[in-house]
Amino acid sequence: MPKRSSKPQSAPTRPRPTKAEFASALGISPRQVQNHFAAGCPRTSIAAARRWRAENIRLGEKRSGSKRGRAEIIALGIAKLFEEVRGSKLANQIAEGNTIPLAEAERFLSEMNLRIKSRLEAIPDELEMGFPPDQRIEAKRKLQDAIRALLHEMADPNFLRKPLPKVRKSRKKK
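Keep in mind that this is a model prediction, so the values were computed, not measured.

Caption draft 1: Main features of a nonpolar patch on the surface. A cluster of nonpolar residues, F108, L109, M112 and I116, forms a patch on the protein surface that exposes about 360 Å² of accessible area. Within the secondary structure, F108 sits in helix α6 (residues 102-127).

Rendered as structure tokens:
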């Protein structure tokens, strides 16, 4: 009969994941895994590494070395260049006097305001049949009042300079 050891047996330990396993699970390169380890990322488990990344790596840095990250940086650079070109074109148009005449811009905005107004005023009639019959008249009246108030507010020349009103969320009764 074999002799039993008096020491308690510990549960078998699972070996730590390899760099390749970390890289695959985290969606980064083995070199980035090494950089994470150097920055203090735990090597004990992939779950611990994910938690560490969530706490320590900002969104823009997560993929900075990947092809997708480089593509995003290039796309942002291109967008910046397009915006600079657009600004330069506008500056040139202003210098040359090739901007849209004020009267034409005012006419366009006036037409847009009329379209918006007529569209807003039509909403209560379009939605009327969607309300329960006993609430139709009251609901339509409330919509018309709200739209009139909005149109009156929009008629103010300083409308776009005013801060947006805070909207209170209504609580449903149980």
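Let us keep going from here.
Caption draft 2: Main features of the packing of α6 against helix α7 (residues 136-154). Put simply, α6 and α7 touch, their axes get as near as 9 Å, and they point 170° apart. Considering the angle they form, α6 stands roughly antiparallel to α7. When α6 is examined against α7, the residues I116, K117, L120, E121, I123, P124, D125 and L127 are found in contact with a partner set consisting of K140, L143, Q144, I147, L150, L151 and M154. Classifying every residue of the contact of α6 with α7 gives 10 nonpolar, 1 polar and 4 charged.

Caption draft 3: Expanded view of the packing of helix α1 (residues 19-26) against helix α2 (residues 30-38). Interhelical geometry of α1 versus α2 gives an angle of 100° and a closest axis separation of 8 Å. Between α1 and α2, the crossing angle belongs to the class labelled roughly perpendicular. For the pair formed by α1 and α2, the contact residues are K19, F22 and A23 on the first element and P30, V33, Q34 and F37 on the second. The class makeup of the residues in the contact of α1 with α2 is 5 nonpolar, 1 polar and 1 charged.

Caption draft 4: Main features of the packing of aromatic side chains. Within the structure shown, the criterion is met by 1 aromatic pair. On the numbers, 5.1 Å between centres and 85° between planes, the contact of F22 with F37 is edge-to-face. Here F37 lies in helix α2 and F22 lies in helix α1, a separation of 15 residues in the sequence. Take F22 and F37: they sit in the same class, and that class is buried.

Caption draft 5: Quick look at the pattern of salt bridges. In total, this model carries 8 salt bridges according to the counting rule given. In this structure, E121 engages K117 in a salt bridge whose closest nitrogen and oxygen atoms are separated by 3.9 Å. With E121 and K117 both in helix α6, this residue pair falls 4 residues apart, about one helical turn. Accessibility expressed as a relative area gives 37% for K117, which makes it partly exposed.

Caption draft 6: Quick peek at the nonpolar core. Core analysis: the largest hydrophobic core is formed by 10 residues, namely F22, A23, L26, I28, V33, F37, C41, A49, W52 and I57. Elements represented by at least two residues in this core include exactly α1, α2 and α3 (46-56). When near neighbours in sequence (up to four residues on either side) are disregarded, L26 contacts A49, R50 and R53.

Caption draft 7: Broad picture of a positive patch on the surface. A surface patch of positive charge is lined by R16, K19, R31 and R43. Tracing the backbone through its elements, the reader meets R43 in the loop between α2 and α3. Look at R43 and you get partly exposed, because its relative accessible area is 36%.

Caption draft 8: Layout of the layout of surface pockets. The computed volume of the largest pocket comes to approximately 210 Å³. Together, L109, N113, M154, D156, P157, F159 and L160 line the largest pocket. Each residue belonging to the lining of the largest pocket can be placed in one class, and the counts come to 5 nonpolar, 1 polar and 1 charged.

Caption draft 9: α7, seen in detail. Spanning 19 residues, α7 covers 27 Å between terminal C-alpha atoms, matching the ideal 27 Å at 1.5 Å per step. Of the positions making up α7, those classed as buried are A139, K140, I147 and L151. Buried residues of α7, viewed axially, fall in a sector of 105°; they line one side. α7 presents I137, K142 and H152 as exposed residues on the side facing more than 90 degrees away from its buried surface. In the core, the buried residues of α7 are packed alongside α6.

How each quantity is defined
Residue numbering note: each chain is counted from 1, following its sequence as written. In keeping with the model being predicted, local features are shown solely for residues with a pLDDT of at least 70 and side-chain atom pairs are shown and tallied solely at 80 or more, while totals for entire chains, interfaces and linings include all residues. Computation of side-chain values: all heavy atoms of the structure, hydrogens and water removed. Patches here are clusters of residues that have more than 30% relative accessible area and form no salt bridge, with a 9 Å joining cutoff for like charges and a 5 Å cutoff for nonpolar side chains (Val, Leu, Ile, Met, Phe, Trp, Tyr). In these tables, accessible area is a Shrake-Rupley quantity obtained with a 1.4 Å probe, and a residue counts as shielded only by the protein chains included in the view. For salt bridges, the criterion is a side-chain nitrogen of Lys or Arg within 4 Å of an Asp or Glu carboxyl oxygen. Only DSSP runs of H or I reaching four residues or more are called helices, and only runs of E reaching two or more are called strands; each is numbered from the N terminus. Simply put, an axis is a line fit to the C-alpha atoms, just over the touching stretch for a helix, and the angle between two N-to-C directions goes from 0 to 180 degrees. The labels follow the angle: roughly parallel below 35 degrees, roughly antiparallel above 145, roughly perpendicular from 65 to 115, and oblique for the rest. Any two residues whose heavy atoms approach within 4.5 Å are treated as being in contact. In this classification, the charged set is Asp, Glu, Lys and Arg, the nonpolar set is Ala, Val, Leu, Ile, Met, Phe, Trp, Tyr, Cys and Pro, and all remaining amino acids, among them Gly, are polar. Each pair of aromatic rings taken from Phe, Tyr and Trp, with Trp reduced to its six-membered ring, is defined by centres within 6.5 Å and is described as stacked if the planes are under 30 degrees apart, edge-to-face if over 60, and tilted in the remaining cases. Any residue under 20% of the maximum accessible area for its type is buried, any over 50% is exposed, and the rest in between are partly exposed; the area is computed with a 1.4 Å probe on protein chains only. Only buried residues count toward a nonpolar core. Its members are Ala, Val, Leu, Ile, Met, Phe, Trp, Tyr and Cys residues joined through side-chain atoms within 4.5 Å. Positive charges come from Lys and Arg alone, negative charges from Asp and Glu alone, with His and the N- and C-terminal ends not counted. Throughout, a charge is located at the NZ atom of Lys, the CZ atom of Arg, the CG atom of Asp or the CD atom of Glu. Here a cavity means grid points, on a 1 Å grid over the protein atoms only, where a 1.4 Å probe fits yet cannot get out; a pocket means an open set of points with protein on both sides within 12 Å along at least five of seven lines; lining residues are those with an atom within 4 Å of a point. Grid points are joined across faces, edges and corners, and a volume is the space filled by probe spheres set on the points. Take the number of residues in a helix, subtract one, and multiply by 1.5 Å to get its expected span. Throughout, the arc means the angular range of directions from the helix axis out to the C-beta atoms.

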